[in-house]
Each structure stands twice: as C-alpha cells, then as structure tokens.
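Descriptive analysis of the structure
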Amino acid sequence: MIETTSPISTWLKLGSIGGSSPDVVLVISVLVLTIAWRSFTTTLHGNKPLPPGPASIPIIGSLFAMPAAGKEMGVFAWWAKKWGPIVHIKIFGRHIVVLNTLKAASDLLERRSNIYSDRPARSGPADSVSTLPFNQQLKDCRRLLHQARSIKVYRPGNEEQVRLMLRRLLQTPEAFVEHIRRSAGATVMKVAYDYDVTSDDDHFIALAEGYNTAFSIVTAPSAFWVDFIPFLEYLPDWVPGASLKRMVGSFPDLQNRIRGEPYGYTMEQMAKKTNGVSFISTAADNHGGLDQMSETELEALRWAASAFYGAGTATTISLTSWFILAMSLFPEVQKKAQAEIDSVIGNEKLPGFVDRPELPYIEAMCKETLRWNCVLPGALTHAVNTYDEYEGYRIPPSAVIANMRAMTRDEKEYKDPHIFRPERFLGPLDDQEKDARSYAYGFGRRICPGLNIANDAVYITIVSLLATFNFSNAMTQNGVHITPLTVQGTGGLIHFPVKYKCSITPRSDRVKELIYEATDDLARYL
Ligand code: HEM
C-alpha cells in the first residue's frame, strides 16, 4: 500500500521519551501525532478537488473503466480528450494519475522529481532496477549505469552486430524481425557481459526473452492493478487477472536467474583473464578490481548488468521494427536519406559512428523514429508518496503514468503527427518541432540510464539499414496494404508494430560485397 510518511513519526522513532511507561507514551504520542499529521495534510490539500476522471463506485472505484492490456493508450487518449491534461482514477482505494501533456509530465516528474521518483509499491519485492523504489540500492545501480553512459568502447561491438544483421538480411530478408531480435540481444550481451551469442537458440537469450515477455506483461499500465488484490492468485484462470497475478508471483525467480547466470559466465572469464571489455569489467576497473568492491557494490553490479538485457533489447527491437515500417510507408523520406548517405560516404565502405556528424538528415530520422511510434507509450509508472497540489488539483499519494503516446502525437506540438517527417527537426532551431529525445527516455531522477547506449544503437542501425537496403510494400499478415492511417501497434508496456510483411532488397551488388567483406572475419557468430 502507498503510505504517507509523517516526519513527526519518523522523528519520534529516533528519539526517546522519559517517564515510567515510555513504550505506552511513545505509542500514544505516535498515534496522536500521526492522526494530527494526516488531518493537517488533508486539511491543507483536502479542499482542492481531485483531477477529473472516470466515475468511481464504492470499494472497487473505477475498476471497470480500467483499459484491457494493450488498449491503455487508446483509452488514455480518449480520457485526455474528455478530461484534459491530468486525469485521476481510483481502484480499490489506490490512486492513479495519468499525465497527458509534456508540460504536466515535466512540471511534476522533472521539476518535482524529489517526490515523484518512486515506483508503485507492489505486493512482492522489487525485482529489477526499474521497479526498485527510490532507495540507496537504486542509486547504487544507477551510479554504475551512469558510468556506462559516455563510453565509446562498446561501439565496435555494436557495429559488428549490426553488420551481421545486414548479412542475415541478405540471406533471409523475410525473417527480418528474428534478425533484429538476434542483433539487439547479441549487442546487449556483448556490451554487458562480453558474451558472444553464436546461435539462434542461445541459452541466455532464451532466458532473457522469457524474462522480457513476463516483465512486459506484469508491468504494463493495465496490469498493475492486479497487484492490489492479494487473493487473485488463488482463483481459477478464467477470473480476470488471476493468471496474471500468478505470473507476478513467479517473476522474481526468473529475475534471479537473469541476474545470476550471465554474470557467473563473466566472472569465470575474468578469473581466467580471458575476458574482453564489458560493462562489468569496466565497472571493476573503475573500482580498482572486483576484489575492491563491497558485497553491496557487487550486488548492485549484478542488478545493473541485468538491466541491460531487460531494458535494452525489446526497446531496440521495437524501435527498429517501427523504423522499417516507416521506410516502407514513406518512400520519399527513404530516398532523401539514402541520397545523403551516398553523397557523404560513397560506395567504398559501410557507414560507421565516425560519419555521424556529417549526416544531419539521418540525425533527424533518429529523432523522428523515437517520436513517430514511441516505444514505451506509458514510460514506466512513477509514484508520489505524499500529498501534492498541481493546477488547483489535489494529488494524493498515487501511481503516476506519463502518457508518452499522447505527447508524441500532440497536434499542438507536431503537425500531422501520424506522418513520418524528419524535416520537423531540420532548419532554424526556432522553427523546429519539439525533439522527442528530450522526453522519450523518461523523466527526472528515473530517466533512462541507457539513453546514450540506446541513441548509439538507434543511429548505427538506421544508417546501416538505409545504406544497404530498400524497404517497400508493407502489408498485414493477411496481405492487406498498410497505409500511414492504418498502422497498428500492440500497445502494452513496450509498443511493437502488429506483425507485418514487407519487401527488403539490397540496393546494389556493391553493397552485397561490402556486407560480405565486413563480416567475413565474424563467421563465428553466424
Ligand atoms: C530505444 C531504446 C530505449 C528507450 C526508448 C528507453 C526508454 C526508457 C524509458 C521511457 C524509461 C522510463 C523512465 C522513467 O521512468 O521516467 C526507461 C528506463 C530505464 N531504461 Fe531505458 N530505454 C531504452 C534503452 C535502454 C538501454 C539500452 C538500457 C541499458 C542500460 C536501458 C536501461 C534502462 C533502465 C535500467 C531503466 C530504469 C531506470 C529506473 O527505474 O531508474 N534502457 N527507459
């Protein structure tokens, strides 16, 4: 349950009161002062209305208004139209606030991040960095992850994996989603653990995929209400939420394995001194060696390394899948980008990180890819554990959802938001539309610590695909042509395009040669 912590009761816990029955006096004092504190905060904020939202009935609140899995963003968008920038829902006594505009999200999650940086309390213990409350363990993990923000040492590994993806695309273009998946997973395993993925049924990848699927389900905005209802897991599967509740229960076991098994592999390599550069080895070097790290620091390292897979793969897979769909639907954008690459790079090499400063149109495409169909449409749910006030409304202790989908599709901010148009981010700064990179990675003290790694991955993937392939003819699995107005996503925590087919063909014989030349030395991965 989300609770307000009274500073008075905290103070009392620390102090002692003299007299013949100190325990009784203490308990009574705590009770009286806690009641006084609660009535003080309620009086302070109580005369302000709650933000508007769906009707509520006793006990269950607005449970029946809560959207089904995958439908959250559509429903939230409808609520936004009806009730405006900030919407309130109450379910089983717990409050949820949905922020529908960038202004509201920045005002609360950024400017008041001292109180809006928690995660909603769950019935079980936190099981990953992103579900940890804002405590010391989180700070330790984030500190380690921050050290990875600026490192360029991972770029060669990233470039290699993308080039291997290009080679697989030459061979079986129709299996493009599997190739993206393999490339994203292999990049993350290389970066975090210096582990080489050499087959499609790699053990660690299978483990991480299982974890990702479960994570996505149990943390989707539509899912966490089941956490409020303890008895659900004992009911049969047909009761809404019962199987989901069981999955929440078994999740920590999966999380222990994902934290322990690949880490064990890197430890073995480091003990034998056969390891290469990884997030773990870099963290160890920064501390003067693993043996110089305390047990707490090592535990934080295990958690932080596992965050790479959990947070870094599905997001990249989603983004790349959206990008390929965009290229198939907007051929004039594709042509313009390819013309820029050809004029800057020519046909003697594949593009790399060194070329980035000379490719402004590609840079604008990276921004537009993050905006067009944002990967985490509800970000990750924040929590505020104290009363607050905003725009004349009372904000009770609540789970707080940033409706990123509404922000990236805000018509006041973006002209024709459903159109993929990199030109939004070109030209004089004053004329440019809002750079989605400034918020697509979240807010305040919980902002994505992997954003530099992610920005690198987005660039190298986009530029390499455009330099070597043409994309066209997107259609649904049933063969119906997709248009910008009929694009469909899955919703959920991570938003993927609904499965589609498209034509992916090499741009020339020369690019085929370049791909083979660049990957011949990497045959061990194929
Ligand atoms: C395109 C790729 C990515 C996108 C769009 C993305 C976006 C996000 C967003 C929106 C959040 C929630 C922030 C908030 O609560 O306000 C987040 C959290 C997080 N991301 Fe990323 N991310 C990406 C890739 C990565 C990568 C490669 C890593 C690897 C280190 C990573 C690690 C994390 C972690 C650990 C958190 C949780 C932070 C916390 O709870 O304090 N992400 N990300």
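Residues numbered from 1 in each chain as written. Predicted model: local features only at pLDDT ≥ 70, side-chain atom pairs only at ≥ 80, totals over all residues. Heavy atoms only, no water.

If you look the protein chain up in an unreviewed UniProt entry, it shows as Cytochrome P450 from Rickenella mellea. A UniProt comment under Cofactor (unreviewed entry) is attached to the protein chain, and it reads "heme". Taken from UniProt, the Pathway (unreviewed entry) comment for the protein chain reads in full: "Secondary metabolite biosynthesis." (UniProt positions renumbered as here; feature names shortened; annotations may be inferred.)

Let's shift gears to the sheet that holds strand E2 (residues 94-99). Whenever strands of a sheet pair, they do so through backbone hydrogen bonds, lying parallel or antiparallel. Spatial ordering of the open sheet is given by E1-E2-E6-E3, a layout of four strands whose pairing is mixed. At either end of the open sheet lies a strand with only one pairing partner, and these are strand E1 (86-91) and strand E3 (382-384). Shown here is a sheet whose adjacent strand axes are inclined to one another by a mean of 25°, direction ignored. Where E2 meets strand E6 (residues 398-402), five bridges bridge the pair, whose relative direction is parallel. Opposite Val-97, over in E6, you have Val-400 as the bridge partner. The strands touched by helix H3 (residues 72-83) are E1, E2 and E6; relative to E1, the strand with the most contacts, the crossing angle is about 120°. (Pairing = 2+ DSSP bridges. Helix = DSSP H or I, 4+ residues; strand = E, 2+ residues; numbered from the N terminus. Axes fitted to C-alpha atoms, helices over the stretch in contact; angles between N-to-C directions. Contact = heavy atoms within 4.5 Å.)

Looking now at the site of the ligand. Close to the ligand lie 24 residues, the nearest being Arg-119, Arg-142, His-382, Arg-446 and Cys-448. A distance of 2.7 Å separates an oxygen atom of the ligand from a polar side-chain atom of Arg-119. A distance of 2.7 Å separates an oxygen atom of the ligand from a polar side-chain atom of His-382. Among the elements of the structure, helix H5 (136-147) and helix H11 (295-329) are those that each provide at least two residues to the shell around the ligand. Within the shell around the ligand, the residues separate by chemical class into 15 nonpolar, six polar and three charged. (Near = heavy atom within 4 Å. Polar contact = N/O pair within 3.5 Å; in protein donor to acceptor, adjacent residues only side chain to side chain. Nonpolar A, V, L, I, M, F, W, Y, C, P; charged D, E, K, R; others polar.)

Annotation from UniProt places "binding site: heme" (unreviewed entry) at Cys-448. Within the element layout of this structure, Cys-448 appears in the loop between helix H14 (404-408) and helix H15 (451-468).

Note: predicted coordinates in regions of low pLDDT should not be interpreted at a detailed level. Averaged over every residue, the pLDDT of the protein chain is 86; the share at 70 or more is 83%. Low pLDDT (under 50) marks residues 1-20, which in the prediction has 31 contacts with non-local residues, meaning those over four places away or in another chain. Across the interface, the model reports ipTM at 0.98; the global pTM reads 0.86. (pLDDT = per-residue confidence, 0-100.)

Here the focus is helix H4 (residues 102-110). Within H4, seven of the nine residues are buried, which leaves it mostly tucked inside the rest of the structure. Contacts from the buried residues of H4 go to E1, E2, E3, strand E4 (388-390), E6 and H14. (Buried < 20%, exposed > 50% of the residue type's maximum accessible area, 1.4 Å probe, protein only.)

Its identity is not glycine, yet Phe-92 carries a phi of approximately 45°, on the positive side. Classification of Phe-92 as partly exposed rests on a relative accessible area of 29%. Backbone geometry at Ala-379 places phi at a positive 45°, although glycine is not the residue there. Tracing the backbone shows Ala-379 in the loop between helix H13 (360-372) and E3. On the accessibility criterion, Ala-379 (10% relative accessible area) is buried.

Right, let's talk about the packing of aromatic side chains for a bit. If you walk through the whole model with that rule in mind, you get 11 aromatic pairs. Pairing Phe-279 with Phe-308 gives two aromatic rings, centres 4.8 Å apart and planes at 50°, and the pair type is tilted. Within this pair, whereas Phe-279 is found in helix H10 (residues 279-286), its partner Phe-308 is found in helix H11, the two being separated by 29 residues in sequence. The two residues Phe-279 and Phe-308 agree in class, both being buried. One aromatic cluster is present, built from ring pairs that chain together Trp-322, Phe-330, Trp-372 and Phe-420. (Phe/Tyr/Trp six-rings, centres within 6.5 Å; stacked < 30°, edge-to-face > 60°.)

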